[in-house]
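Structure at a glance
Here's the letter readout for the chains.
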Amino acid sequence: MRAASVGAMEFRIDSSELTDAVAWAARVLPARSPVPVLGGLLLEAGDGRLRVSGLDYEASARIEVEAETVREGRALVLGRRLLDICKVLPKGPVACGIEGARLSVRGGDARFGLSLLPLDDYPAQPGLPAFRGVVDAAAFAAAVGQVAVAAGRDDSLPVLTGVRLALDGTTMTLAATDRYRYAVRTLEWKPEDGADAVSEGAGGADVVVPARRLTEIARSLGSAGPVRLALDGGSIGFESEGTRTTTRLLDGRLPRHDKLFALGEHAVAVTGRAPLVEAVKRVAVVAEGDSPVQLAFGADTVHLQAGYEDDIASQRLAADLQGAETMTVAFNPGYLLDALGSFDTDSVRFHLLGPGQRALITDRADGVHQHLLMSVKPLV
């Protein structure tokens with residue numbers, strides 16, 4: 001029978017630190033897999049450190065934390081079962097060690113035993129691609145969250161389920177679209193000296209990352225400070241102090257947004273974001289199916305309306321319209337709320353061409369964050 005572990009591993013660690021490390025690595029584990037060992041987490045103890053690693057065929061995650069090493073060694077156990085155990089451990093020190101064919105986890109008066117999985121069957125962790133530069137984790141996480149809401153959910157069109165990540169000099173552009181809306185966000189990053197090009201354009205890159213994976217990564221790195229970004233033609237990786245994660249890229253390219261976002265002559269309406277969110281939620285309770293919410297902008301107000309015939313709702317808010325005397329547009333309420341929720345400013349700007357045409361929502365004049373929606377036929 002193949003060995004399930006190397007060495008009689010034993011280490012001690014605080015329960016909260018173990019839980020955080022296991023949770024961070026377990027997020028890449030597949031929900032179901034025909035290969036049982038891919039549901040495992042690899043624990044490696046040595047030199048006063050505990051390394052926890054997880055992977056599937058699309059992504060990998062590894063984290064290192066301080067731990068008192070009693071005996072060096074390795075063990076592979078079911079990751080989600082270990083995480084469930086960690087969540088119910090008493091607060092305080094935890095002792096973990098291999099006892100026969102099990103990993104023993106002891107905290108306070110509680111004791112658990114987990115069967116070991118065969119290490120010989122476990123794939124090697126993928127290496128990081130070449131480092132490209134550094135980005136602030138908090139700014140990156142915020143930007144990913146702002147664009148990922150527009151990514152598609154239809155797996156029959158894989159590229160539309162991704163987020164475009166483009167690098168050009170010191171500017172990083174993130175973008176996503178499901179063909180009905182298109183979100184774009186730019187932020188600053190610091191390229192690594194001498195970084196090679198991934199695609200055409202010296203020092204540039206233009207790839208598509210699975211939106212769900214990128215969102216998980218961004219959230220997990222949100223407070224990590226500077227994060228190193230690694231990238232090649234097939235995968236992307238992120239490394240911060242003690243953590244490392246990779247995910248495969250999607251094939252294909254997203255449609256370019258440049259011409260879509262160039263509106264030409266248009267009207268601009270400015271209104272408070274939070275009051276508009278509440279008003280859309282309020283009037284949308286009578287909107288059934290694909291029924292839209294209509295926004296009728298005037299010189300100093302916007303009149304919201306939803307519903308047909310006897311079931312209708314309306315509300316009026318303060319607004320400022322420039323470039324037209326009046327302008328009426330209508331949107332899918334879910335899409336509109338997703339767009340408004342991706343901004344964090346007090347007010348938003350609607351760049352409007354007219355009924356049934358595309359409309360661009362921005363947070364300010366410089367267009368750092370832009371969200372394009374297709375307006376639909378206004379209510380009769």
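For the structure, check the block above.
These lines cover the structure that appears in this document, whether it is placed above or below. (Residues numbered from 1 in each chain as written. Predicted model: local features only at pLDDT ≥ 70, side-chain atom pairs only at ≥ 80, totals over all residues. Heavy atoms only, no water.)

**Quick word on the overall build of the chain**
- Each helix and strand counted, the chain has 7 helices and 27 strands in total.
- Counting across all 380 residues of the chain, residues that qualify as buried make up 50%.
- Partitioning the intrachain contacts of the chain with sequence separation of at least 6 by distance along the chain shows that 67% fall at a separation of at least 24.
- Of the roughly 18100 Å² of accessible surface on the chain, 49% is carried by carbon and sulfur atoms.
- Averaging the locations of the 40 positively and 49 negatively charged side chains of the chain gives two centres separated by 4 Å. (Helix = DSSP H or I, 4+ residues; strand = E, 2+ residues; numbered from the N terminus. Buried < 20%, exposed > 50% of the residue type's maximum accessible area, 1.4 Å probe, protein only. Contact = heavy atoms within 4.5 Å. Areas by Shrake-Rupley, 256 points an atom, 1.4 Å probe, with all protein chains shown as cover. Lys, Arg positive; Asp, Glu negative; His and termini not counted. Charge placed at Lys NZ, Arg CZ, Asp CG, Glu CD.)

**Describing unusual backbone geometry**
- Unusually for a residue other than glycine, D47 sits at a positive phi of about 55°.
- Mapped onto the fold, D47 is located in the loop between β3 (40-46) and β4 (49-55).
- When its relative accessible area of 69% is taken as the criterion, D47 is described as exposed.
- Notably, R179 is not glycine yet its phi reads approximately 85°, a positive angle.
- You can see R179 is positioned in the loop between β13 (171-177) and β14 (181-188).
- Overall, R179 belongs to the exposed group, its relative accessible area being 57%.

**Concerning helix α2 (residues 79-88)**
- Of all the positions in α2, only G79, L82, L83, I85 and C86 are classed as buried. End-on, the buried residues of α2 take up no more than an arc of 160°, which puts them together on one face. The outward face of α2, more than 90 degrees from its buried face, is lined by the exposed residues K87 and V88.
- The inward-facing, buried residues of α2 abut α1 (15-26), β3, β7 (73-78), β9 (102-107) and β10 (110-115). (Arc of directions from axis to C-beta.)

**Observations concerning the packing of aromatic side chains**
- Enumeration according to the criterion identifies 5 aromatic pairs in this entry.
- Each ring, one from Y182 and one from F261, has its centre 5.8 Å from the other, and the planes form 85°; the classification is edge-to-face. Highlighted residues: Y182 in strand β14 and F261 in helix α5 (residues 258-261), separated in sequence by 79 residues. Side by side, Y182 and F261 carry an identical accessibility label, which is buried.
- Ring-pair connections join several aromatic residues into one group, and the members of that group are F297, F331 and F350.
- When the ring centre of W24 is taken as origin, the NZ or CZ atom of R27, which lies over that ring, is 4.3 Å away.
- Lying across the ring of F131, R228 places its NZ or CZ 3.5 Å from the centre. (Phe/Tyr/Trp six-rings, centres within 6.5 Å; stacked < 30°, edge-to-face > 60°. Lys NZ or Arg CZ within 6 Å of the ring centre and 35° of its normal.)

**Things to note about the environment of E10**
- Tracing the backbone through its elements, the reader meets E10 in strand β2 (residues 10-14).
- C-alpha of E10 to C-alpha of F112: the two residues are 102 residues apart in sequence and 14 Å apart in space.
- Filtering out sequence-adjacent residues up to four positions away, E10 remains in contact with E68, T69, V70, R71, C96, G97 and R106.
- At 2.5 Å, the side chain of E10 and the side chain of R71 are in polar contact. (Polar contact = N/O pair within 3.5 Å; in protein donor to acceptor, adjacent residues only side chain to side chain.)

**Regarding the nonpolar core**
- Of all hydrophobic cores here, the largest spans 66 residues; its most connected members are F140, L165, M172 and L174.
- With 6 residues, α1 is the single largest residue contributor to this core.
- Counting residues in each nonpolar core, the second largest holds 32 residues, with L295, A306, V348 and F350 among its members. (Core = buried A, V, L, I, M, F, W, Y, C linked by side-chain atoms within 4.5 Å.)

**A few points about the packing of helix α6 (residues 273-283) against helix α7 (residues 333-341)**
- Their axes nearest at 10 Å, the elements α6 and α7 cross at an angle of 160°. Looking at the two axes, α6 sits roughly antiparallel to α7. At the point where α6 passes α7, the crossing takes the left-handed sense. Taking contact as the criterion, the partners of R273, L276, V277, V280 and K281 in α6 are, on α7, P333, L336, L337, L340 and G341. (Axes fitted to C-alpha atoms, helices over the stretch in contact; angles between N-to-C directions. Parallel < 35°, antiparallel > 145°, perpendicular 65-115°, else oblique. Left-handed = near helix turned anticlockwise from the far one by under 90°.)

**Quick word on the side chain of R185**
- Here R185 shows up in strand β14.
- In this structure, R185 is buried with no salt-bridge partner, the nearest side chain bearing the opposite charge being D363 at 5.8 Å.
- In terms of polar contacts, R185 uses its side chain to reach the side chain of Q146, at 2.6 Å.
- With residues near it in sequence (within four places) discarded, R185 still touches A143, Q146, V147, M172, T173, L174, V368 and H369. (Salt bridge = Lys/Arg side-chain N within 4 Å of Asp/Glu carboxyl O.)

**Details of the sheet that holds strand β27 (residues 369-374)**
- Strand order in this open sheet of 12 strands is β16-β12-β13-β14-β27-β26-β25-β20-β23-β22-β21-β24, and the pairing throughout is antiparallel. Only two strands of the sheet have a single neighbouring strand rather than two, namely β16 (205-210) and β24 (327-331). Taking the axes of each pair of neighbouring strands and ignoring which way they run, one obtains an average angle of 25° across the sheet.
- Direction of pairing for strand β22 (residues 301-308) relative to strand β23 (residues 311-322): antiparallel, over a ladder of 8 bridges. When the bridges of β23 are listed, V302 appears paired with L317.
- Its contacts with the sheet put helix α3 (residues 137-148) on β12 (162-168), β13, β14 and β27, and the angle it makes with β14 is roughly 170°.
- Where α6 meets the sheet, it contacts β20 (267-272), β21 (293-297), β22, β23 and β25 (347-352), and its direction lies at approximately 160° from that of β23. (Pairing = 2+ DSSP bridges.)

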